[in-house]
Amino acid sequence: MKRALLVAVLVCTTASLAALSGRSSAYSLPERWNSGAPMSSGSYPETRRIADFDGDGRPEIAELLPSAVATHRYSLCVFNAFGERLFTGPDLFLTFGFEIALQDVDQNGTVDYVLRGPVIADGAANLSVYGFDGSYRLLDSLATHDVSVAGVDWFYAQLEPSRELELVVTVQTTTMIDGAFAGIPTRAVKLHTFGTPGYAVSFVPGNVVSASSLAAEAHDLNENGIDELYVSYMGRLWMYSSDAAVAAVAPAPAVRQPVSLAAPWPNPGSGDTMVRFRLGYGASPTLRVHDAAGRNVRQIALPLMPAGEHEYRWDGRLEDQRHAAPGVYWLELDVAGVTATRRIVRLR
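Keep in mind it's a predicted model, so treat the numbers as computed, not measured.

Undergrad: So what exactly am I meant to see when it comes to empty space enclosed by the protein here?
TA: To find the voids left in a structure, one rolls a probe of water-molecule size over its atoms. Applying the stated criterion to the full structure yields two cavities of 30 Å³ or more. Along its surface, the second largest cavity is lined by F53, A62, L76, V78, F87, Y113, Y130, G131, Y136 and R137. Of all the secondary-structure elements, those providing two or more residues to the lining of the second largest cavity are β3 (73-79), β8 (125-132) and β9 (136-144). Considering only residue class, the lining of the second largest cavity consists of eight nonpolar, one polar and one charged.

Undergrad: Please clarify how the pairing of strand β18 (residues 273-279) should be interpreted in this entry.
TA: Looking along a regular strand, one sees the side chains alternate between the two faces of the sheet. The element β18 is extensively covered by neighbouring structure, given that five of its seven residues are classed as buried. The pairing of strand β17 (residues 259-261) with β18 spans three bridges and is classified as antiparallel. Note that in β18 the partner of V259 across the bridge is L279. Relative to strand β21 (residues 308-314), β18 is paired through seven bridges, and the arrangement is antiparallel. When the sheet's bridge partners are listed, L279 is paired in β21 with G308.

Undergrad: Honestly, the environment of L304 in this entry has me stumped. Any pointers?
TA: As for its placement among the helices and strands, L304 is situated in the loop between β20 (296-301) and β21. Judged by relative accessible area, L304 falls into the partly exposed class, the value being 36%. Here the alpha-carbon distance between L304 and G282, two residues 22 residues apart in the chain, equals 7.0 Å.

Conventions adopted
Residues numbered from 1 in each chain as written. Predicted model: local features only at pLDDT ≥ 70, side-chain atom pairs only at ≥ 80, totals over all residues. Heavy atoms only, no water. 1 Å grid on protein atoms, 1.4 Å probe; cavity = no way out; pocket = protein on both sides within 12 Å on 5 of 7 lines; lining within 4 Å. Points joined across faces, edges and corners; volume = space filled by probe spheres on them. Helix = DSSP H or I, 4+ residues; strand = E, 2+ residues; numbered from the N terminus. Nonpolar A, V, L, I, M, F, W, Y, C, P; charged D, E, K, R; others polar. Buried < 20%, exposed > 50% of the residue type's maximum accessible area, 1.4 Å probe, protein only. Pairing = 2+ DSSP bridges.

Just distances and angles here, no functional claims.
Here is the structure:
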């Protein structure tokens, strides 16, 4: 009985395997498309990135592929899901030491393909940003001709009160003699405005004489909307910030009030209300509207403003965009916890 049962199990198992084998042999994966790029100089599969680069809700494929121009030359190519080539970037001479990142560098809501650190023909460390800005294109590119690749680090930050971003690069610099590195390497910090060729600022913090131990970061620790640059080296810490950033958070002199609120006009009134105020120093004030019961019925964050006289036109609407009902209200202007209030009356 046991032997018969074993034989039956073996027969069923063999039949099942045969059926599976039959289905497997009938399955195929036909080639749908390929890039058609020459492979004489190899490829870098670690450079492949899949993301929605143009913000249309559908992912694209971006990868460095060999160029037909010469060995060790590569171009960034972007394809859609059907194999259509949407973009081909300029030729780059790549040998070693590059990294790839996805980052919305230009802050336009779409992902950018960032290539940093390759060695190009003249021995410079290069950084390129490819993105979608109406069409695929090279958004930014920078070559540092006095840089040893091992010493490059970078990040984008907003160090000035504008929409432009600065590229902060900490680099190992050396003296170039006949195309070769020579001399004692040092570390430096260079600033490059996004989309603008060349550097805006180049400086060496303190007495930097080593090729290591220098690091930089950007943070808006004082929450004024502008990044500060923090540089550490050999047990010391530096902080750099623009004049505008300093003015935006500079403490007010003892004799100067942080904020004063003039009488609103018209008062009483039924339409827009002109709110006039004075700032003792640069700040980003908050305007709040309270009803007669003290409830906060509207809050408006005003932009960064310099010291001096300002005005803002309140449209008489509440948080839900309904017009304020007739009655008594209080306008409160807040600057870093210091407030000034004024009473107003709304008519029909």
